[in-house]
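Architecture and fold: a report
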Amino acid sequence: MSNILEIKNLVVSYGGIEAVKGISMEVPQGQIVTLIGANGAGKSTTLKSISGIVRPKEASILFDGEEMVGKSPDYIVSKGITLVPEGRRVFPNLTVMENLKIGAYLRKDNLKDDLEYVFRLFPRLKEREWQMAGTLSGGEQQMLAVGRALMSKPKLIMMDEPSLGLAPLVVKDIFRIIQTINEEGITVLLIEQNANMALKIAHKAYVIETGKITMEGTGLELLENEEIKEAYLGKSKK
Amino acid sequence: MNTTTFLQYCLAGISIGGIYAMIAIGYTMVYGILRLINFAHGDIFMMAAYFMIFAMVDFALPWYVSLALVAIATVLLGVFIEKIAYKPLRSAPRMSIMISAIGVSYLLQNLATYLFSALPKGYPQIPFLMTNINLGGISTSVVTFITPILTIIFVVLLMQLINHTKIGMAMRAVSKDFETSQLMGIKINRIISITFVIGCFLAAVGSVLYFTPRPSVYPMAGSLPGLKCFIAAVFGGIGSIPGAVLGGFLIGLCETFIKAAGYSEFSDVFTFLILIVMLLFKPTGLFGEKIAEKV
Ligand SMILES: Nc1ncnc2c1ncn2[C@@H]1O[C@H](COP(=O)(O)OP(=O)(O)OP(=O)(O)O)[C@@H](O)[C@H]1O
Ligand SMILES: [Mg+2]
């Protein structure tokens with residue numbers, strides 16, 4: 001299976017301090033890949049580098065075989081990479097509909113089918129089409145953030161802690177949606193604090209610790225791993 | 001004061017108010033998108049007046065050609081200032097870019113003094129605009145009459161642009177969140193440039209309308225009107241376009257009536273008084289957002 005995304009030796013520093021210290025990852029076409037790690041490990045920084053809003057110190061990021069390092073964020077979006085940012089970041093002063101339309105900012109074609117698709121995934125958004133996004137509940141905002149990202153017709157959707165701060169039922173919904181999206185052919189790169197659920201749905205998983213990849217394997221392998229159990233799943237060794 | 005004089009003052013008030021509104025829009029839009037008080041805006045307005053002198057006096061071009069050239073030159077100046085003095089400070093602390101704006105303001109004033117001398121220069125006459133007209137007993141000039149109309153037209157067009165076009169949607173998004181806007185594929189530098197284009201275009205139109213009935217221009221001519229329009233923007237709630245427009249009209253009307261009552265020296269004091277009272281009792285202005293802080 002070919003890799004849609006290949007990261008080699010990604011190094012990012014913020015004002016001299018290295019937040020990401022040379023990580024390499026591969027995201028196979030059509031799969032769900034998850035990246036788990038503690039707070040401050042460098043997960044968001046990795047995704048931001050892929051999106052082009054953070055400039056890496058050095059790296060090679062191949063998407064569909066094309067080098068993305070040094071490209072502008074709008075170019076990267078136009079190639080089919082989208083990011084659902086940490087903390088949802090919907091535009092509070094835009095309506096739900098406008099938030100979805102702005103997700104398709106670079107597209108010139110008709111949006112009708114895609115709007116219908118997003119509303120099918122998230123019927124709640126359809127009811128609230130004209131509501132200001134700032135007045136949505138946290139869960140609804142997360143749905144909107146995912147819907148907005150889908151509106152760019154991505155090949156790869158990256159999600160930064162989509163379940164953060166949501167009630168368990170809503171979290172389940174979000175994970176179900178992630179799987180649905182993936183089944184429809186979109187590759188997913190997922191960051192999660194909720195390692196348990198993320199590993200269950202992931203085909204492939206990476207563990208990142210203070211800027212370095214320390215472990216990789218299939219979701220199942222990591223789910224069974226004793227160290228992972230202890231550090232990320234909150235289960236002690238027997 | 002009889003009705004005719006009263007109406008005459010009203011018209012004069014909304015006319016100067018319309019000019020203030022146009023300039024205040026420039027302050028409020030730039031603030032909305034960059035959280036920057038563009039202290040140079042009043043001086044851009046002043047430079048537009050010198051451009052008009054250039055076009056009409058030095059090059060003897062007809063007024064309508066000059067008008068177009070002034071608009072273009074002012075817009076270019078504004079966009080150039082943004083690229084040179086503000087863009088490199090995009091991720092610097094807010095105070096740095098503010099200081100840069102103050103620097104640009106002094107730079108323009110001194111540049112004008114150097115190039116055109118500190119002596120007032122005669123502003124060209126546009127006979128058509130100065131023609132007297134009589135509206136049911138109120139005698140006034142064409143410029144006084146068309147200024148509020150032009151203001152309303154521009155404001156309506158601008159609100160349409162902002163609320164009902166893709167560019168406008170991007171402007172609203174960028175004003176909230178640079179990073180996420182970039183993730184949508186929006187080129188934020190382009191949106192910021194467009195904001196300066198609009199603000200400077202309105203400043204150019206405002207400049208022509210403001211100076212036409214006045215005899216001359218001098219390098220400091222932009223600073224007091226600039227300050228008043230900034231106050232108008234703060235009064236309306238900086239960041240809000242309807243607020244700036246309302247603030248502009250209000251300050252124009254108050255000023256005119258205070259002058260009419262014989263307290264000319266007091267009219268500017270009053271404007272600053274408005275600012276202080278507003279900041280004391282409703283710091284966010286009439287239509288301001290509660291917290292304008294960026295996430
Ligand atoms: N803009 C920035 N300027 C300076 N340091 C930063 C910046 N952004 C992140 N960092 C630092 O880089 C490191 C990695 O941050 P990052 O946001 O990538 O972590 P994370 O793995 O996403 O953590 P979390 O799970 O808490 O979201 C942290 O130490 C953080 O303080
Ligand atoms: Mg993070």
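Before reading on, note that the structure itself is shown above.
Residues numbered from 1 in each chain as written. Chains lettered and ligands numbered in written order. Predicted model: local features only at pLDDT ≥ 70, side-chain atom pairs only at ≥ 80, totals over all residues. Heavy atoms only, no water.

Things to note about the overall build of chain B
The secondary structure content of chain B amounts to twelve helices and four strands. Against the compact-globule benchmark of 19 Å for 295 residues, chain B has a radius of gyration of 19 Å, which places it among compact chains. Per-residue burial over chain B gives 52% buried out of 295 residues. Split by element, the accessible area of chain B, about 13,000 Å² in all, is 72% carbon and sulfur. Side chains of chain B carry 17 positive and 10 negative charges; the gap between the two charge centres is 8 Å. (Helix = DSSP H or I, 4+ residues; strand = E, 2+ residues; numbered from the N terminus. Rg over C-alpha atoms; globule rule 2.2 N^0.38 Å. Buried < 20%, exposed > 50% of the residue type's maximum accessible area, 1.4 Å probe, protein only. Areas by Shrake-Rupley, 256 points an atom, 1.4 Å probe, with all protein chains shown as cover. Lys, Arg positive; Asp, Glu negative; His and termini not counted. Charge placed at Lys NZ, Arg CZ, Asp CG, Glu CD.)

Digging into the pattern of salt bridges
For the coordinates displayed, the defined rule picks out 23 salt bridges over all chains. A salt bridge links Arg176(A) to Asp173(A); the shortest N-O distance between them is 3.4 Å. On the criterion of helical spacing, the pair formed by Arg176(A) and Asp173(A) is a turn pair, its members being three residues apart in helix 7 (residues 168-183). Exposure remark for Arg176(A): the relative accessible area of 47% places this residue in the partly exposed category. Close ionic contact of Lys229(A) with Glu226(A) constitutes a salt bridge, the shortest N to O distance being 3.9 Å. You can see Lys229(A) and its partner Glu226(A) sitting in helix 10 (residues 226-232), three residues apart, about one turn around the helix. For Glu226(A), a relative accessible area of 39% puts it in the partly exposed group. Ionic contacts of the salt-bridge type, sharing partners, join the residues Lys48(A), Arg89(A), Asp177(B) and Glu179(B) into one network. (Salt bridge = Lys/Arg side-chain N within 4 Å of Asp/Glu carboxyl O.)

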